[in-house]
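Residue strings, one per chain:
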Amino acid sequence: MVNSQVIGIDLGGTAIKLGRFAADGTCLQSLTVATPQPATPEAVMAAMVDAIAQIDPDNLSMAIGVGTPGPADASGRIAKVAINLTGWHDVPLADWLEAKTGKPTILANDANCAGLGEAWLGAGRHFQNLILLTLGTGVGGAVILDGKLFVGHLGAAGELGLITLNPDGPMCNSGNQGSLEQYTSVVAIRRRTGKEPAELGALAQAGDAEALTFWQNYGSDLGAGLSSLVYVLTPQAIVLGGGVSASFEFFLPTVKAEIERRVLATSRVGLQILPAELGNSAGMVGAAKLALQHHLGC
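These numbers come from a predicted model, not from an experiment.

A.B. asks: Please provide a residue-by-residue account of the overall build of the protein chain, values included.
C.D. replies: Helix and strand counts for the protein chain stand at nine helices and 12 strands. Here the protein chain has a C-alpha radius of gyration of 19 Å; the compact-globule value for 298 residues is 19 Å, and the two agree. Overall, the protein chain is about 55 × 40 × 40 Å in size when its C-alpha atoms are taken along their principal axes. Taken over 298 residues, the protein chain has a buried fraction of 52%. Of the roughly 12,800 Å² of accessible surface on the protein chain, 53% is carried by carbon and sulfur atoms. Each charge sign in the protein chain was given a centre, from 17 positive and 25 negative side chains, and these centres are 3 Å apart.

Below, the structure written as C-alpha coordinates:
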(Lines give C-alpha, C1' and ligand atoms only; values in the text may rest on other atoms or scores of the structure.)
Protein backbone atom coordinates (compact mmCIF):
# COMPACT_ATOMS: atom_id res chain seq x y z
CA MET A 1 0.00 0.00 0.00
CA VAL A 2 3.02 2.30 0.32
CA ASN A 3 2.90 3.21 -3.38
CA SER A 4 -0.89 3.46 -3.57
CA GLN A 5 -2.25 6.63 -5.10
CA VAL A 6 -5.70 8.18 -4.73
CA ILE A 7 -7.54 11.21 -6.03
CA GLY A 8 -9.16 13.72 -3.69
CA ILE A 9 -11.83 16.07 -5.04
CA ASP A 10 -13.33 19.12 -3.35
CA LEU A 11 -16.54 20.14 -5.13
CA GLY A 12 -17.52 23.77 -4.60
CA GLY A 13 -20.06 26.15 -6.08
CA THR A 14 -17.47 28.01 -8.15
CA ALA A 15 -14.47 25.66 -8.35
CA ILE A 16 -13.59 21.97 -8.31
CA LYS A 17 -10.22 21.24 -6.72
CA LEU A 18 -8.54 17.91 -7.46
CA GLY A 19 -5.32 16.33 -6.26
CA ARG A 20 -3.53 13.03 -6.83
CA PHE A 21 -1.92 11.88 -3.60
CA ALA A 22 0.50 9.21 -2.48
CA ALA A 23 -0.40 7.19 0.61
CA ASP A 24 1.97 9.30 2.74
CA GLY A 25 0.07 12.49 1.84
CA THR A 26 2.42 13.79 -0.83
CA CYS A 27 0.44 15.70 -3.45
CA LEU A 28 1.79 14.47 -6.79
CA GLN A 29 -0.34 16.67 -9.01
CA SER A 30 -3.22 19.10 -8.49
CA LEU A 31 -5.68 21.01 -10.62
CA THR A 32 -8.50 23.50 -10.11
CA VAL A 33 -11.26 23.80 -12.71
CA ALA A 34 -14.32 26.03 -12.82
CA THR A 35 -17.57 24.44 -11.68
CA PRO A 36 -19.87 24.29 -14.71
CA GLN A 37 -22.71 26.80 -14.69
CA PRO A 38 -25.43 25.76 -14.28
CA ALA A 39 -23.86 23.16 -11.99
CA THR A 40 -26.16 20.27 -12.86
CA PRO A 41 -25.09 16.82 -11.63
CA GLU A 42 -24.39 15.62 -15.17
CA ALA A 43 -22.29 18.67 -16.08
CA VAL A 44 -20.30 18.48 -12.83
CA MET A 45 -19.63 14.78 -13.26
CA ALA A 46 -18.39 15.35 -16.84
CA ALA A 47 -16.06 18.11 -15.61
CA MET A 48 -14.74 15.83 -12.85
CA VAL A 49 -14.08 12.94 -15.23
CA ASP A 50 -12.21 15.22 -17.63
CA ALA A 51 -10.14 16.73 -14.80
CA ILE A 52 -9.32 13.28 -13.36
CA ALA A 53 -7.93 12.27 -16.75
CA GLN A 54 -5.73 15.39 -16.72
CA ILE A 55 -4.17 14.81 -13.29
CA ASP A 56 -3.88 11.03 -13.70
CA PRO A 57 -3.00 10.53 -17.37
CA ASP A 58 -1.24 7.21 -16.66
CA ASN A 59 -4.18 5.88 -14.61
CA LEU A 60 -2.07 5.30 -11.50
CA SER A 61 -4.71 6.11 -8.87
CA MET A 62 -6.64 3.33 -7.21
CA ALA A 63 -9.61 5.14 -5.61
CA ILE A 64 -11.43 8.48 -5.48
CA GLY A 65 -12.76 10.53 -2.58
CA VAL A 66 -15.12 13.46 -3.06
CA GLY A 67 -16.16 16.24 -0.69
CA THR A 68 -19.54 17.74 -1.56
CA PRO A 69 -21.15 20.97 -0.26
CA GLY A 70 -23.93 19.20 1.61
CA PRO A 71 -24.72 15.87 3.28
CA ALA A 72 -23.92 12.47 1.83
CA ASP A 73 -25.70 9.28 2.85
CA ALA A 74 -24.17 7.04 5.51
CA SER A 75 -22.59 4.72 2.94
CA GLY A 76 -20.87 7.61 1.17
CA ARG A 77 -22.54 6.86 -2.14
CA ILE A 78 -25.21 9.52 -2.61
CA ALA A 79 -25.00 13.32 -2.48
CA LYS A 80 -28.27 14.01 -0.67
CA VAL A 81 -28.30 17.77 -1.32
CA ALA A 82 -25.56 20.09 -2.58
CA ILE A 83 -25.75 23.72 -1.52
CA ASN A 84 -25.40 26.29 -4.34
CA LEU A 85 -25.51 23.59 -7.04
CA THR A 86 -28.42 23.21 -9.46
CA GLY A 87 -30.68 20.16 -9.20
CA TRP A 88 -28.70 18.18 -6.65
CA HIS A 89 -31.08 15.88 -4.79
CA ASP A 90 -30.12 12.27 -4.05
CA VAL A 91 -27.45 12.19 -6.77
CA PRO A 92 -25.66 8.79 -6.95
CA LEU A 93 -22.35 10.48 -7.67
CA ALA A 94 -20.16 7.63 -6.41
CA ASP A 95 -21.87 5.14 -8.74
CA TRP A 96 -21.55 7.55 -11.66
CA LEU A 97 -17.84 8.20 -11.12
CA GLU A 98 -17.12 4.51 -10.64
CA ALA A 99 -18.88 3.70 -13.91
CA LYS A 100 -16.89 6.35 -15.79
CA THR A 101 -13.46 5.81 -14.21
CA GLY A 102 -13.49 2.22 -12.97
CA LYS A 103 -12.23 3.41 -9.58
CA PRO A 104 -13.99 2.83 -6.25
CA THR A 105 -15.38 6.14 -5.01
CA ILE A 106 -16.64 7.51 -1.71
CA LEU A 107 -18.35 10.81 -0.82
CA ALA A 108 -18.51 12.92 2.33
CA ASN A 109 -19.63 16.39 3.35
CA ASP A 110 -16.99 19.02 2.53
CA ALA A 111 -16.60 20.16 6.14
CA ASN A 112 -16.08 16.53 7.17
CA CYS A 113 -13.41 16.24 4.50
CA ALA A 114 -11.74 19.43 5.75
CA GLY A 115 -11.66 17.96 9.25
CA LEU A 116 -10.17 14.72 7.99
CA GLY A 117 -7.59 16.67 6.01
CA GLU A 118 -6.52 18.71 9.04
CA ALA A 119 -6.39 15.52 11.10
CA TRP A 120 -4.15 13.83 8.53
CA LEU A 121 -1.71 16.52 7.40
CA GLY A 122 -2.72 19.75 9.16
CA ALA A 123 -3.18 21.20 12.62
CA GLY A 124 -4.72 17.99 14.00
CA ARG A 125 -2.05 15.56 12.83
CA HIS A 126 -0.74 14.93 16.35
CA PHE A 127 -4.16 13.98 17.75
CA GLN A 128 -6.49 11.00 17.42
CA ASN A 129 -9.56 12.82 18.77
CA LEU A 130 -10.43 16.30 17.58
CA ILE A 131 -13.15 18.52 16.22
CA LEU A 132 -12.94 21.07 13.44
CA LEU A 133 -15.17 24.09 12.92
CA THR A 134 -15.13 25.99 9.64
CA LEU A 135 -16.04 29.59 10.41
CA GLY A 136 -17.20 30.73 7.01
CA THR A 137 -20.42 31.85 5.32
CA GLY A 138 -21.98 29.26 7.59
CA VAL A 139 -20.34 27.18 10.31
CA GLY A 140 -19.55 23.62 9.36
CA GLY A 141 -17.98 20.98 11.50
CA ALA A 142 -16.27 17.63 11.64
CA VAL A 143 -15.68 15.10 14.40
CA ILE A 144 -12.63 12.82 14.33
CA LEU A 145 -12.71 9.95 16.83
CA ASP A 146 -9.79 7.52 17.09
CA GLY A 147 -8.44 8.92 13.83
CA LYS A 148 -11.65 8.22 11.91
CA LEU A 149 -14.31 10.56 10.66
CA PHE A 150 -17.52 10.19 12.70
CA VAL A 151 -20.68 10.68 10.63
CA GLY A 152 -23.29 8.85 12.73
CA HIS A 153 -25.66 6.08 11.67
CA LEU A 154 -27.27 8.08 8.85
CA GLY A 155 -24.24 10.08 7.74
CA ALA A 156 -25.48 13.43 9.06
CA ALA A 157 -23.54 13.76 12.32
CA GLY A 158 -21.07 16.56 12.97
CA GLU A 159 -23.21 19.62 12.18
CA LEU A 160 -21.42 21.45 14.96
CA GLY A 161 -22.48 24.95 13.90
CA LEU A 162 -26.15 24.09 14.34
CA ILE A 163 -26.11 23.41 18.08
CA THR A 164 -28.18 25.85 20.14
CA LEU A 165 -26.34 28.76 21.71
CA ASN A 166 -29.30 31.01 22.58
CA PRO A 167 -32.84 29.55 22.53
CA ASP A 168 -34.26 33.02 21.84
CA GLY A 169 -31.71 34.00 19.20
CA PRO A 170 -32.08 34.61 15.43
CA MET A 171 -33.72 31.99 13.25
CA CYS A 172 -31.38 29.63 11.43
CA ASN A 173 -31.82 28.14 7.96
CA SER A 174 -31.65 24.74 9.64
CA GLY A 175 -34.92 25.43 11.47
CA ASN A 176 -33.08 25.91 14.76
CA GLN A 177 -33.19 29.21 16.60
CA GLY A 178 -30.10 30.89 18.04
CA SER A 179 -27.66 28.32 16.67
CA LEU A 180 -23.92 28.82 17.09
CA GLU A 181 -23.82 29.67 13.38
CA GLN A 182 -26.09 32.65 13.99
CA TYR A 183 -23.39 34.20 16.18
CA THR A 184 -20.10 33.11 14.62
CA SER A 185 -20.51 32.87 10.83
CA VAL A 186 -19.53 35.51 8.26
CA VAL A 187 -23.23 36.22 7.70
CA ALA A 188 -23.75 36.70 11.44
CA ILE A 189 -20.78 39.07 11.70
CA ARG A 190 -22.14 41.18 8.85
CA ARG A 191 -25.55 41.27 10.50
CA ARG A 192 -24.14 42.21 13.89
CA THR A 193 -21.59 44.81 12.76
CA GLY A 194 -22.28 45.85 9.18
CA LYS A 195 -18.67 44.96 8.41
CA GLU A 196 -16.77 42.10 6.80
CA PRO A 197 -14.60 39.86 9.03
CA ALA A 198 -11.46 40.88 7.10
CA GLU A 199 -12.24 44.54 7.74
CA LEU A 200 -12.73 43.90 11.44
CA GLY A 201 -9.48 41.93 11.50
CA ALA A 202 -7.57 44.81 9.89
CA LEU A 203 -9.09 47.28 12.33
CA ALA A 204 -8.13 45.08 15.27
CA GLN A 205 -4.61 44.75 13.89
CA ALA A 206 -4.43 48.55 13.84
CA GLY A 207 -5.53 48.70 17.48
CA ASP A 208 -9.11 49.86 16.92
CA ALA A 209 -10.84 49.54 20.32
CA GLU A 210 -14.29 48.82 18.90
CA ALA A 211 -13.00 46.03 16.68
CA LEU A 212 -10.97 44.53 19.49
CA THR A 213 -14.06 44.52 21.71
CA PHE A 214 -16.07 42.85 18.95
CA TRP A 215 -13.55 40.01 18.65
CA GLN A 216 -13.48 39.58 22.42
CA ASN A 217 -17.27 39.21 22.45
CA TYR A 218 -17.08 36.92 19.42
CA GLY A 219 -14.63 34.70 21.29
CA SER A 220 -16.97 34.52 24.27
CA ASP A 221 -19.87 33.38 22.06
CA LEU A 222 -17.71 30.83 20.27
CA GLY A 223 -16.24 29.59 23.55
CA ALA A 224 -19.71 29.07 25.01
CA GLY A 225 -20.71 26.96 22.03
CA LEU A 226 -17.48 25.01 22.08
CA SER A 227 -17.98 24.27 25.78
CA SER A 228 -21.02 22.14 24.97
CA LEU A 229 -19.03 20.22 22.37
CA VAL A 230 -16.13 19.69 24.76
CA TYR A 231 -18.45 18.18 27.37
CA VAL A 232 -19.88 15.73 24.81
CA LEU A 233 -16.70 14.78 22.93
CA THR A 234 -13.73 15.68 25.21
CA PRO A 235 -11.46 16.24 22.19
CA GLN A 236 -7.70 16.57 22.48
CA ALA A 237 -7.85 19.53 20.11
CA ILE A 238 -10.26 21.97 18.53
CA VAL A 239 -9.18 23.19 15.09
CA LEU A 240 -10.71 26.40 13.76
CA GLY A 241 -10.72 27.05 10.01
CA GLY A 242 -12.66 29.12 7.50
CA GLY A 243 -12.21 32.76 6.61
CA VAL A 244 -13.06 34.12 10.06
CA SER A 245 -10.16 32.18 11.58
CA ALA A 246 -7.82 34.76 10.03
CA SER A 247 -8.56 36.80 13.18
CA PHE A 248 -7.82 33.82 15.45
CA GLU A 249 -5.32 35.80 17.54
CA PHE A 250 -7.94 38.38 18.52
CA PHE A 251 -10.65 35.97 19.71
CA LEU A 252 -8.56 33.06 21.04
CA PRO A 253 -8.04 34.54 24.56
CA THR A 254 -11.78 34.84 25.26
CA VAL A 255 -12.50 31.44 23.65
CA LYS A 256 -10.05 29.89 26.11
CA ALA A 257 -11.37 31.90 29.05
CA GLU A 258 -14.95 30.89 28.32
CA ILE A 259 -14.11 27.20 28.03
CA GLU A 260 -12.09 27.31 31.25
CA ARG A 261 -14.97 29.07 33.00
CA ARG A 262 -17.68 26.70 31.78
CA VAL A 263 -16.02 23.28 31.48
CA LEU A 264 -14.87 21.11 34.36
CA ALA A 265 -11.11 20.66 34.36
CA THR A 266 -11.53 16.88 34.06
CA SER A 267 -13.27 17.31 30.68
CA ARG A 268 -10.60 19.55 29.13
CA VAL A 269 -7.29 18.08 30.26
CA GLY A 270 -4.62 19.14 27.77
CA LEU A 271 -7.17 20.61 25.35
CA GLN A 272 -5.56 22.65 22.58
CA ILE A 273 -7.30 25.22 20.39
CA LEU A 274 -5.48 25.65 17.10
CA PRO A 275 -5.90 27.48 13.80
CA ALA A 276 -6.33 25.27 10.74
CA GLU A 277 -3.21 24.92 8.59
CA LEU A 278 -4.30 23.64 5.19
CA GLY A 279 -6.44 26.54 4.01
CA ASN A 280 -8.41 25.91 0.82
CA SER A 281 -6.71 22.58 0.20
CA ALA A 282 -8.12 20.92 3.36
CA GLY A 283 -11.19 19.50 1.63
CA MET A 284 -9.20 17.97 -1.22
CA VAL A 285 -6.65 16.48 1.20
CA GLY A 286 -9.40 15.04 3.39
CA ALA A 287 -11.22 13.55 0.42
CA ALA A 288 -8.01 11.75 -0.52
CA LYS A 289 -7.63 10.42 3.03
CA LEU A 290 -11.26 9.24 2.91
CA ALA A 291 -10.45 7.21 -0.20
CA LEU A 292 -7.31 5.78 1.41
CA GLN A 293 -9.16 4.75 4.58
CA HIS A 294 -12.22 3.25 2.95
CA HIS A 295 -10.79 1.57 -0.12
CA LEU A 296 -7.14 0.91 0.63
CA GLY A 297 -7.20 0.50 4.41
CA CYS A 298 -4.56 3.12 5.15
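A.B. asks: Residue-level account of the environment of Ala 224, with values.
C.D. replies: Here Ala 224 lies in helix α7 (residues 209–233). By relative accessible area, which is 13% here, Ala 224 ends up buried. With sequence-adjacent residues up to four places away left out, Ala 224 is seen in contact with Leu 165, Glu 258 and Arg 262.

A.B. asks: If you had to explain the packing of aromatic side chains to someone new, which residues and values would you point to?
C.D. replies: The geometry of an aromatic ring pair comes down to the distance between the two centres and the angle between the two planes. On inspection of all chains with the given rule, the structure shows seven aromatic pairs. With 6.0 Å between their ring centres and 45° between their planes, Phe 214 and Tyr 218 make a pair best called tilted. With a gap of four residues between them, Phe 214 and Tyr 218 both fall in helix α7, about one helical turn apart. For the pair Phe 214 and Tyr 218, one class covers both residues: buried. Geometrically, the ring pair formed by Tyr 218 and Phe 251 is tilted, given 5.1 Å between the ring centres and 55° between the ring planes.

A.B. asks: For the pairing of strand β11 (residues 237–241), give the residues involved together with the corresponding values.
C.D. replies: For a regular strand, side-chain orientation follows a simple rule: the groups alternate between the two sheet faces. Most of β11 sits out of view: five of its five residues are buried. Every second residue of β11 is oriented toward a common face, with Ala 237, Val 239 and Gly 241 on one face and Ile 238 and Leu 240 on the other, all of them buried. Of the pairings in the sheet, the one linking strand β8 (residues 130–135) to β11 comprises five bridges and is parallel in character. Paired with Ile 131 across the strands is Ile 238, a residue of β11. Pairing between β11 and strand β12 (residues 272–275): four bridges, direction parallel. Its bridge partner being in β12, Ala 237 is matched across the sheet by Gln 272. Taking the sense of rotation as the criterion, the β-α-β connection linking β11, helix α8 (residues 248–262) and β12 turns out right-handed.

A.B. asks: Explain the pattern of salt bridges to me, using residue names and the numbers behind them.
C.D. replies: A complete count under the given rule lists 11 salt bridges for this structure. Asp 10 is the salt-bridge partner of Lys 17, the closest N and O atoms lying 4.0 Å from each other. For Asp 10, a relative accessible area of 12% gives the class buried. A salt bridge links Asp 56 to Arg 20; its shortest N-O distance comes to 4.0 Å. Taken together, the positions of Asp 56 in the loop between α1 (41–55) and β4 (63–68) and Arg 20 in strand β2 (residues 15–22) put the pair 36 residues apart, joining distant regions of the chain. Like Asp 56, the residue Arg 20 is buried in the burial classification. Salt bridges here are not isolated pairs; linked through shared partners, they connect Arg 20, Asp 56 and Lys 103.

A.B. asks: Which residues make up the packing of helix α6 (residues 197–205) against α7, and what are the values?
C.D. replies: At a minimum axis separation of 7 Å, α6 and α7 run at an interaxial angle of 120°. Along this stretch, α6 crosses α7, giving a crossing that reads as left-handed. Across the interface between the two elements, Pro 197, Leu 200, Gly 201, Leu 203 and Ala 204 from α6 touch Ala 211, Leu 212, Phe 214 and Trp 215 from α7. Taken together, the residues of the contact of α6 with α7 sort by class into eight nonpolar, one polar and no charged.

A.B. asks: Any chance you could break down the packing of helix α5 (residues 186–193) against α7 for me, citing the residues and the numbers?
C.D. replies: α7 packs onto α5 with a crossing angle of 135° between their chain directions and a minimal axis gap of 13 Å. Here α5 is positioned oblique relative to α7, judged by the angle of their axes. For the crossing formed where α5 meets α7, the hand is right-handed. On the side of α5, the interface is formed by Ile 189, Arg 192 and Thr 193, while α7 contributes Phe 214, Trp 215, Tyr 218 and Asp 221. For the contact of α5 with α7, a count of residues per class yields four nonpolar, one polar and two charged.

What counts as what
Residues numbered from 1 in each chain as written. Predicted model: local features only at pLDDT ≥ 70, side-chain atom pairs only at ≥ 80, totals over all residues. Heavy atoms only, no water. Helix = DSSP H or I, 4+ residues; strand = E, 2+ residues; numbered from the N terminus. Rg over C-alpha atoms; globule rule 2.2 N^0.38 Å. Buried < 20%, exposed > 50% of the residue type's maximum accessible area, 1.4 Å probe, protein only. Areas by Shrake-Rupley, 256 points an atom, 1.4 Å probe, with all protein chains shown as cover. Lys, Arg positive; Asp, Glu negative; His and termini not counted. Charge placed at Lys NZ, Arg CZ, Asp CG, Glu CD. Contact = heavy atoms within 4.5 Å. Phe/Tyr/Trp six-rings, centres within 6.5 Å; stacked < 30°, edge-to-face > 60°. Pairing = 2+ DSSP bridges. Right-handed = clockwise from strand over helix to strand, strands pointing away. Salt bridge = Lys/Arg side-chain N within 4 Å of Asp/Glu carboxyl O. Axes fitted to C-alpha atoms, helices over the stretch in contact; angles between N-to-C directions. Left-handed = near helix turned anticlockwise from the far one by under 90°. Nonpolar A, V, L, I, M, F, W, Y, C, P; charged D, E, K, R; others polar. Parallel < 35°, antiparallel > 145°, perpendicular 65-115°, else oblique.

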